[in-house]
Every structure is written in structure tokens, then in C-alpha cells.
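Here are the chains, one letter per residue:
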Amino acid sequence: MQGESDDSGDDYMWAPPGMEEDTTTEGEDPLLDDLDGAEVDEEDDDDDADYEDMSSEEDEGTITQEELYLRLLHGSGGRKNKNKALWANKSTVPDAEGFLADIGWRAHDATVRAEGVFDLLKKREQRESAPSLPIAAKFMPNTSTGVLERYGSRAYVGQFTRDGTAFLAGTQDFQLHLYDTSDVSKMHKKATIHAQVGRWTITDCEVSPDQSQIMYSSITPQVHLTPVHYDPEESQQTSLDFDQDDDDGFGIWSVRFSGDGREIVAGTSSHCLYVYDIESQRVLLKIRAHADDVNAVCFADASSSHVLYSASDDGFVKIWDRRSLGRDSRPAGVFVGHTEGITYVDSKDDGRYCLSNSKDQTMKMWDLRKCLESSQFDMKKDKTLDVGYFAEEWDYRISRYPGNPKAFRHPRDCSVQTFTGHRVLKTLIRCHFSPAFSTGQQYVYTGSEDGIVRIFDMEGKVVKELDTAHALPESSFRSMPLANSAIYEFLIPSRNRVPAVTRDVSWHPYLPYLISTSWCGTRGAYGAAVIHECQGT
């Protein structure tokens with residue numbers, strides 16, 4: 001977690017004064033509240049991909065804002081959480097055995113966890129999948145073949161539409177890039193839409209189910225709608241104000257259309273979940289859902305808007321059933337298992353399973369039938385449910401994770417599978433289920449700070465790695481101008497090239513094509529959409 005400030009969610013970074021919209025009073029700068037004067041460990045040059053021990057033991061020192069920004073790009077050490085050590089050695093916890101028995105804790109044994117659960121999942125998928133799936137599953141993306149487009153600013157979001165005929169990307173310079181992908185052999189750009197300038201970046205965007213509208217958000221309380229068939233001289237963008245209580249100042253990290261396109265669910269830096277009716281342009285539901293920023297939201301089922309998922313920097317995924325919400329707005333259930341903030345949540349669209357990515361460097365799959373009910377989620381009776389109880393002392397934007405995601409499991413972990421090997425650092429890395437049509441959703445996949453797209457099977461094994469660097473040679477951005485040259489002017493003299501940070505990935509719903517959106521180039525100030533496809537099977 002990054003603290004309780006509304007400006008602590010995604011990857012705020014230092015920028016020269018005056019380069020962003022000034023919404024603060026004199027003497028205040030919320031963008032730097034959590035960064036100004038921060039103390040961090042000296043940079044640890046060890047690049048251990050197995051996460052054995054990434055903590056730095058060098059002396060601390062106060063650094064300037066500019067130096068801190070550079071560490072946002074290059075990483076440094078953190079401190080380990082002492083509670084993990086205690087729980088790893090349960091004999092040191094007072095009345096540990098009795099407490100563990102009360103909450104039904106059991107040791108983290110991958111073999112034990114696998115028994116029964118995955119046989120059930122496999123049988124279910126095989127029963128519901130088409131006979132051609134075993135053949136289709138062989139044709140998964142296996143090669144990084146080219147670049148759809150390079151951008152003069154970071155690419156934050158990139159997703160295919162639900163029918164695969166278009167691809168939408170959002171970049172930090174407040175541009176929406178829409179591509180025609182109806183023929184993947186001839187993918188081309190349909191439009192560049194100039195979004196309304198918000199704060200720092202476009203945080204999320206999506207095409208409506210009927211493909212008539214595009215919505216996008218920024219670190220402001222407004223969501224904007226713009227026609228897909230955009231004409232800058234005629235088309236007008238519609239602003240939807242989520243700040244109808246005049247709270248002011250919060251930002252929106254995540255937005256999703258309901259299956260019928262009539263509602264929008266949003267997660268905000270004010271720790272709230274919103275449901276908004278597009279036709280009446282009013283907030284239908286506002287819940288103070290979490291104890292920290294709500295980084296990701298989605299509907300549990302594409303065919304219904306009743307059940308919602310929200311994921312937060314407090315480390316919990318919560319389930320909300322709008323049909324049963326009372327005055328206290330308690331969740332219908334809670335998924336417990338992550339020990340750090342959660343960066344993304346994706347639904348399988350079956351009303352049962354969902355997937356989350358976390359700063360604890362794990363991705364977890366959840367079954368709605370195995371969640372903790374609200375009555376079981378009692379922080380007063382179970383201290384391990386306290387926010388940040390097992391969190392390390394670090395900052396994912398500037399540090400390498402000091403823990404070992406393979407060595408510790410939350411005592412109340414109710415996930416059905418845990419996936420490790422990727423890096424959730426620097427930004428809110430996203431994850432997804434593979435398509436139903438071509439794979440039977442037998443895989444999950446994620447971006448990573450090291451630029452590698454990883455595809456996992458349901459047993460947690462990495463079955464494919466796609467390196468975006470293969471499509472982006474050193475010279476890719478050498479002569480390309482920065483879109484925000486004024487904002488990034490202090491970066492230009494540096495020749496230090498950062499490996500691509502793959503923030504989002506999207507698998508074509510019917511074909512073995514992936515497109516990843518990444519930060520890349522000099523100090524990660526540029527962006528790219530990279531194509532990964534199936535070749536030589």
C-alpha cells in the first residue's frame with residue numbers, strides 16, 4: 001500500500017512544476033505528499049529473477065525528488081515484514097496452534113492444494129468445451145512478430161473489443177488509438193482520438209458492447225464518452241461526473257461497461273466503488289468499499305450487472321451483490337490471500353471465477369463458492385485480516401519486492417490457485433483469462449515489469465513466455481520525439497534504456513493473436529503495442 005492519500009494509487013511520478021493541471025491550494029502538492037523527503041534504501045543491483053532476497057542492507061539516505069523519480073524507473077530495495085517470519089515459524093506465535101485451528105489454517109503445500117480442485121476445473125472445462133478445443137489449444141501465440149505502433153508516450157491500456165474486430169489503446173499523452181483488427185493480417189489504424197486532458201494519464205478505457213462509444217478515465221472524478229466514429233470537427237465528447245457529492249479531488253483508476261452497456265462501474269482513489277447510469281447521467285450506487293485505493297473493478301458476469309468485484313491496495317478482492325446490499329453496505333464475500341495491494345481483477349464472465357494480480361508478485365484465481373462471508377471477515381477476531389498485516393515495507397514503484405512469493409502463504413488464503421514468476425512492479429500490471437472460444441479459458445496470462453508476457457495453465461505452470469524486447473530493437477525509439485517533450489524534458493539527456501514494462505495484454509477472442517501494451521525506450525518514457533502470434537506449429 002502507498003498510504004492513505006487519494007493520490008497514492010497508480011504510478012505517480014515526479015514531474016517539473018507547472019507541467020500538470022494545478023488543482024491544489026498554495027503550498028500543497030498531493031502528487032509529492034508520499035514521495036517528498038522519502039527515505040529509501042540505496043539501489044540493489046542484484047537482479048535475482050527467483051525473488052530469493054531482494055532487500056537491500058545498505059544505509060538509508062534522504063534523496064531529492066528528481067533522484068526518487070529515477071528510482072521509479074530503476075528500482076531499489078525494501079524491508080521484510082516481521083509478521084511473515086513469525087508465521088513461518090508458528091511456534092513463536094502465542095497459542096499459535098489453537099488460533100490456527102480456529103481459522104482452519106493449513107500448511108502451504110502445492111500438492112495438497114492441487115488435489116481435487118483442478119481435477120474439478122479440468123472436468124468442467126472439458127465438459128463445456130467444444131470438441132475442437134484440444135486442437136485449437138495448440139495454436140496459442142508463440143512468437144513476438146512485430147510492432148503495431150510506437151508511441152511518443154507510455155501505453156497504459158490496450159484491449160480487443162469483445163468480437164475482436166477492433167483494438168483500443170490509451171496512452172499517457174491523452175490519446176486514444178483505435179485499430180481495425182477484423183483482418184489480423186491487415187491490421188491498421190482507424191482513428192486517433194484526442195481525449196480531454198486529465199491528470200497524469202488515461203488510467204483506463206473501453207469500447208462499449210455495441211461498439212458505438214468509447215469511455216475513458218483519468219485521475220479526475222469524470223469519465224468521458226466519445227463516439228467510435230470520431231470526427232474532431234463534429235463529434236462532441238460527453239463528460240459523466242461521478243463527483244455528485246462534491247467530494248472533489250479523487251481520481252478514477254478503473255472503469256467497465258455492464259454487459260448491456262447501460263451502466264459503468266468505477267473504482268476510485270477515494271476508496272469507493274461507483275455504479276453510474278449512462279442514460280440518466282447519475283450515480284446509482286456509491287460504496288466506501290475498501291480501506292485504500294480501489295485499483296480495479298469488473299462485473300462478475302457479462303449477462304448481468306448484479307454482482308461486482310472490486311480490488312484494492314488494502315489487499316482484498318470483495319464481492320458485491322446489488323440485490324442484497326443493506327444500509328451497512330457489507331460485501332457479499334471477500335477473497336483473502338494477497339499480502340500486498342492488488343493491481344487488477346478480471347472476471348471469467350461465468351459468475352463464479354475471477355483472477356487478480358498483486359504487488360506481492362502473485363496472480364491468484366478465486367472461486368466464488370470459497371470466499372469468506374462477511375461474518376467470517378472480522379478483523380477484531382483475526383489479526384491476520386488487518387490491512388497490511390503481512391505487507392513488506394517497500395514501494396512497488398521504486399523498489400524490488402523484498403519478500404519471496406513462493407515461500408509464504410496468507411493463513412486465510414482461499415484462492416484455488418496461485419501463479420508466480422512475473423513481476424508486478426512500477427505500475428498496475430494487468431492479467432486476464434484466455435478466450436473461451438479458442439482455448440476454453442484453460443489458461444491465464446499477465447504482463448510483467450520485465451516486459452515478458454507469461455501464459456500459465458490452470459496448474460500454475462508457465463506454458464509460454466513472449467518477450468516484447470524481441471520486437472523492439474535498441475534503435476526503436478532513437479529518433480522518435482516524445483509526445484510530452486516539456487514534461488519529459490529532464491529525461492532526454494539520458495541514454496539509459498529501460499527494458500519494456502508490459503502493463504496490459506489482450507488475447508484476440510477467436511484467433512491466436514496477442515497484443516501487449518508497454519512502456520519502453522529511454523527510461524521507459526515511450527510506449528508500444530507489440531503483436532504476438534502463432535507461428536510454426
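All figures in this text were calculated on a predicted structure; none of them were measured in a lab.

1. Focus: the overall build of the protein
When helices and strands are tallied, the protein shows 7 helices and 30 strands. Buried residues in the protein amount to 59% of all 537 residues. Long-range pairs, those at least 24 residues apart, make up 62% of the contacts in the protein between residues at least 6 apart in sequence. In the structure as shown, the protein presents an accessible area of about 22,200 Å², 45% of it carried by carbon and sulfur atoms.

2. Focus on the pairing of strand β30 (residues 526-533)
For β30, a buried count of 8 out of 8 residues is recorded, marking the element as mostly surrounded by other parts of the structure. By the bridge criterion, 7 bridges tie strand β3 (residues 143-151) to β30 in an arrangement that is antiparallel. Residue pairing in the sheet places glutamate 149 in a bridge with alanine 529 of β30. Two elements, strand β29 (residues 513-520) and β30, share 8 bridges in a ladder whose sense is antiparallel.

3. Some remarks on the sheet that holds strand β11 (residues 238-241)
If you walk across this open sheet you meet the 4 strands as β8-β9-β10-β11, and the pairing is antiparallel. What marks the edges here is a single partner per strand, and that holds for β8 (202-207) and β11. Each strand axis lies, on average, 20° off the axis of its neighbour in the sheet, ignoring direction. Relative to strand β10 (residues 222-227), strand β9 (residues 213-218) is paired through 5 bridges, and the arrangement is antiparallel.

4. Observations concerning a nonpolar patch on the surface
Taken together, Phe437, Tyr510 and Leu511 make up a surface patch of nonpolar side chains, about 320 Å² in accessible area. With relative accessibility at 59%, the residue phenylalanine 437 sits in the exposed group.

5. Here's the deal with the packing of aromatic side chains
Tallying each qualifying case throughout the model produces 16 aromatic pairs. Taking the centre distance of 5.0 Å and the plane angle of 20° together, the rings of phenylalanine 335 and tryptophan 366 count as stacked. Here phenylalanine 335, found in strand β19 (residues 333-335), pairs with tryptophan 366, found in strand β22 (residues 362-367); they are 31 residues apart in sequence, far enough to count as distant. The exposure classification of phenylalanine 335 matches that of tryptophan 366, with both residues buried. Among the aromatic residues, those joined into a ring-pair cluster are Phe242, Phe250, Tyr274 and Tyr276. Seen from the ring of tryptophan 519, arginine 154 lies directly overhead, with NZ or CZ sitting 4.3 Å from the centre.

6. Focus on the nonpolar core
Counting 27 residues, the largest nonpolar core has Tyr309, Val317, Phe335, Val345, Leu355 and Val444 as the members making the most contacts within it. Listing elements by their share of this core, those giving two or more residues are β16 (294-301), β17 (304-312), β18 (317-321), β20 (342-347), β21 (353-358), β22 and β24 (431-433). For phenylalanine 335, the contacting residues outside a window of four places in its chain are Tyr309, Phe316, Val317, Ile319, Cys354, Trp366, Asp367, Leu368, Cys371 and Cys414. Ala166, Ala195, Ile214 and Val501 belong to the second-largest nonpolar core, a separate cluster that totals 24 residues.

7. Some details on the environment of leucine 368
The topology assignment puts leucine 368 in the loop between β22 and β23 (417-420). Through-space distance from the C-alpha of leucine 368 to that of valine 334 is 9.0 Å; in sequence the pair is 34 residues apart. Excluding its chain neighbours within four sequence positions, the residues that come into contact with leucine 368 are Tyr309, Ile319, Phe335, Gly351 and Arg352.

8. Some words on the sheet that holds β3
Reading across the sheet, the 4 strands line up as β3-β30-β29-β28 and stay open at both edges, with antiparallel pairing between neighbours. Looking at the sheet topology across the chains shown, the edges are occupied by β3 and β28 (501-507). Each adjacent strand pair in this sheet contributes to an overall mean axis angle of 25°, direction not counted.

The rules behind each value
- Residues numbered from 1 in each chain as written.
- Predicted model: local features only at pLDDT ≥ 70, side-chain atom pairs only at ≥ 80, totals over all residues.
- Heavy atoms only, no water.
- Helix = DSSP H or I, 4+ residues; strand = E, 2+ residues; numbered from the N terminus.
- Buried < 20%, exposed > 50% of the residue type's maximum accessible area, 1.4 Å probe, protein only.
- Contact = heavy atoms within 4.5 Å.
- Areas by Shrake-Rupley, 256 points an atom, 1.4 Å probe, with all protein chains shown as cover.
- Pairing = 2+ DSSP bridges.
- Axes fitted to C-alpha atoms, helices over the stretch in contact; angles between N-to-C directions.
- Patch = residues over 30% accessible without salt bridge, like charges linked within 9 Å, V, L, I, M, F, W, Y side chains within 5 Å.
- Salt bridge = Lys/Arg side-chain N within 4 Å of Asp/Glu carboxyl O.
- Phe/Tyr/Trp six-rings, centres within 6.5 Å; stacked < 30°, edge-to-face > 60°.
- Lys NZ or Arg CZ within 6 Å of the ring centre and 35° of its normal.
- Core = buried A, V, L, I, M, F, W, Y, C linked by side-chain atoms within 4.5 Å.

Taken by themselves, the reported measurements are silent on function.
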